[in-house]
Amino acid sequence: MSSSENAPQPTNKWKVAVIIVAILLLIIAAYAANRFLTDDAVEYDDIESHFKYGSIGGERNLGIPYWLWQVAPEVCPEFLPDKLPTDRGLESIGMIYEGDNTLPVGVSSRRHLGLDRVFLNCAVCHTSTIRKEEDDEPELVLGMPANRFDLMGFERFFFQCMASQNFNRSNLIPRIDEMGADLDLIDRYLVYPIAIWLTQERLALLSSRLAFYKYQPHWGPGRVDTFNAAKAIFNWNWELADPQEIIGTADFPSIWEQAKRKTRDDGQPMELHWDGNNDRVEERNLSAAFGGGAIPPITEHEALGRIEDWLMELPAPGFPFPIDNALAEKGRPLYAQYCADCHGKSGTDFSGSRVGHVEPLENIGTDRWRLDSYTRDLAVNQGNLYTGDERYRFKRFRKTYGYANMPLDGIWLRAPYLHNGSVPTLRDLLEPSSNRPAQFYRGNDLYDPNKMGFVTSQSMALGRPLFLFDVNVDGNGNAGHEGYQYGTELNNDQKDALVEFLKTF
């Protein structure tokens, strides 16, 4: 037999080569799947951290790559006009940073599509700080309205920054390196270049869908236009919209004691949101999650459910300043006469014949812009959301003709007052609108325990300018909730006593 007959056959070599290539391809595929198909949110065991930093799903839809989020304030400082050299990230628009955390309260993180992406969660609108004295460190309070956070400023910043000439690969990658990102080759030459382009495209689309903000005066801190933003889901045509529905700005609400808001005195559920357009707590919470980008079908229902369960019993913080108990007792019968039917017996007892009912606009007389912005068409469209899953489908949205009477738990932390935040303190609310401040500064966390509200006379706080609120701007009217039945005709001593009693809430 010749030596050529003993040699390995070429077909065997090819088989080995094919197997090796197949194994390599499988390894590459497994690596790519692990890197680019992972969908993993950062999780927290304790509920307070989960509320502050846990995902509700919005990163999948609107998530901004982590390093683009971090570098944006350095690349586009001109779009943060009140930015200080000592600022961390987005402090200049009222975002709050704790300790060594690199993300502010109300921002969550998720590993998705090959990189870490971040976006807003519930806490960004429902957490803020308070200072008792000028030199005090701000104290974080969960569940209160985010009276320092400038949501319109946040939107404008990212829309403008992502559209600017500075926001490009050659400028961003070196800046990201300077921040210590240590990008690998795939991130540097593939993932982040694509992410920069996709982020610009996605935010340009979102800016178009949220174009109503271009027709509005600046909201200022602590305020949001919830339901005009909801119209973006349905590709609302803003050019054809009724001008009266373009402005729907209102204050962020508090979110304590949700379980007590499930039933009112007549056995029916309380009417929720400022205008009472929904009476189911679960739907209210699910629709609010849209503000964090958690739209069908990407909502993290289990994570949102943890927050919802916690909020059912979360109490409002008690008033932390001294209370004149004798004066408060003089205010108790005045509260019972003028306030209890609409706002409950106390800060913990929500019973009252009109609590949780919508008060017709002709009775309450407050600014109508927020009411008019919520339309029948929107209510009908909202009923089509989650149609594939009856557990979450919206069934309770409706158009109303007034504003809902709300319980007053934690009322001391809910300043400024009325649905649009047009009255700075509770003491001011007991005056007729002609005597209420026509202009005041918003965004301070320094508290005024005498008038019950945040200090509004200062133009600066924490080293930066505050927002000047003007009641003559559309949507900012401070009229209404006045007359004999609302206590504005009481004498000054009676008004002071009533305010003192409200400190017990």
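What comes next concerns the included structure. (Residues numbered from 1 in each chain as written. Predicted model: local features only at pLDDT ≥ 70, side-chain atom pairs only at ≥ 80, totals over all residues. Heavy atoms only, no water.)

1. Observations concerning the overall build of the protein
Here is the rule we go by: Comment: elements are numbered from the N terminus, with helices defined as DSSP H or I runs of at least four residues and strands as E runs of at least two. To sort residues, take the accessible area from a 1.4 Å probe on protein chains only and compare it with the maximum for the residue type: under 20% means buried, over 50% means exposed, and anything in between is partly exposed. Method for areas: the Shrake-Rupley scheme with a 1.4 Å probe, in which residue coverage is limited to the protein chains shown. Charge counting follows a simple rule: Lys and Arg are positive, Asp and Glu are negative, and His as well as the terminal groups are ignored. In plain terms, the charge of a residue is placed at NZ if it is Lys, CZ if Arg, CG if Asp and CD if Glu.
A tally of helices and strands in the protein yields 18 helices and 16 strands. Along the three orthogonal principal directions, the C-alpha set of the protein runs to about 120 × 50 × 45 Å. Classification of the 505 residues of the protein by burial places 54% in the buried group. Total accessible area on the protein is roughly 22800 Å²; 53% of this is exposed by carbon and sulfur atoms. For the protein, the centre of its 50 positive side-chain charges and the centre of its 71 negative side-chain charges are spaced 4 Å apart.

2. Some details on the nonpolar core
We count it as follows: In this text, buried Ala, Val, Leu, Ile, Met, Phe, Trp, Tyr and Cys residues form a nonpolar core when linked through side-chain atoms within 4.5 Å. Here a residue-residue contact requires only that any non-hydrogen atoms of the pair lie within 4.5 Å.
With 117 residues, the main nonpolar core has W69, L90, M95, F154, F158, Y192 and Y335 as its most contacted residues. Element by element, the count of residues in this core is highest for helix α6 (residues 151-162), at 8 residues. Leaving out residues up to four positions away in the same chain, M95 has contacts with W69, L90, P104, V107, L120, V124, F149 and F154. Judged by nonpolar contacts, the second largest core, of 8 residues, contains L361, L371, Y403 and M406.

3. Remarks on helix α11 (residues 301-313)
This is how it is decided: The span you would expect from a helix comes to 1.5 Å times its residue count less one.
Its 13 residues give α11 an end-to-end C-alpha distance of 19 Å, which sits within 8% of 18 Å, the value for a rise of 1.5 Å per residue. Among the residues of α11, A303, L304, G305, I307, E308, W310, L311 and M312 are the ones counted as buried. Where α11 is buried, its residues meet α3 (47-53), β6 (139-142) and α10 (281-288).

4. Regarding the pairing of strand β3 (residues 107-112)
How we decide: Here, any two strands with at least 2 DSSP bridges between them count as paired.
Of all 6 residues in β3, 5 are buried, a share of seventy percent or more. Pairing of strand β1 (residues 39-41) with β3, which is carried by 3 bridges, proceeds in the antiparallel orientation. Bridging across to β3, A41 finds its partner in R110. As judged from the 6 bridges shared by β3 and strand β4 (residues 115-120), these two strands associate in the antiparallel manner.

5. Side note on the environment of G453
Relative to the elements of secondary structure, G453 occurs in strand β13 (residues 453-454). G453 gets classed as buried once you look at its relative accessible area, which sits at 0%. Placed 30 residues apart in sequence, G453 and V423 show a C-alpha to C-alpha distance of 9.4 Å. The contacts of G453, once residues within four sequence positions are left out, are A415, P424, T425, Y447 and D448.

6. Examining the packing of helix α5 (residues 66-75) against α6
Note the cut-off: Angles shown run from 0 to 180 degrees and are taken between the N-to-C directions of axes, each axis being a line fitted to C-alpha atoms and, for helices, limited to the stretch in contact. Oblique is the label for any angle not under 35 degrees, not over 145, and not in the 65 to 115 range, which are roughly parallel, roughly antiparallel and roughly perpendicular in turn. For this classification, Asp, Glu, Lys and Arg are treated as charged, while Ala, Val, Leu, Ile, Met, Phe, Trp, Tyr, Cys and Pro are nonpolar and the rest, including Gly, are polar.
For the pair α5 and α6, interaxial distance at closest approach is 11 Å and the crossing angle is 90°. Viewed along their axes, α5 and α6 adopt a mutual orientation that is roughly perpendicular. Residues W69, A72 and P73 of α5 touch α6, and the partners they reach there are F154, F157, F158 and C161. Its residues assigned to classes, the contact of α5 with α6 comprises 7 nonpolar, no polar and no charged.

7. Topic: the packing of α5 against helix α8 (residues 185-209)
Spelled out, the test is: A clockwise turn of the near helix away from the far one marks a right-handed crossing, whereas an anticlockwise turn of less than a right angle marks a left-handed crossing.
At a closest axis distance of 10 Å, the pairing of α5 and α8 adopts a crossing angle of 70°. It follows from the interaxial angle that α5 and α8 lie roughly perpendicular. Relative to α8, α5 is oriented so that their crossing is right-handed. On α8, the residues touching Y66, W67 and L68 of α5 are Y192, A195, I196 and T199. In the contact of α5 with α8, the residues fall into 6 nonpolar, 1 polar and no charged.

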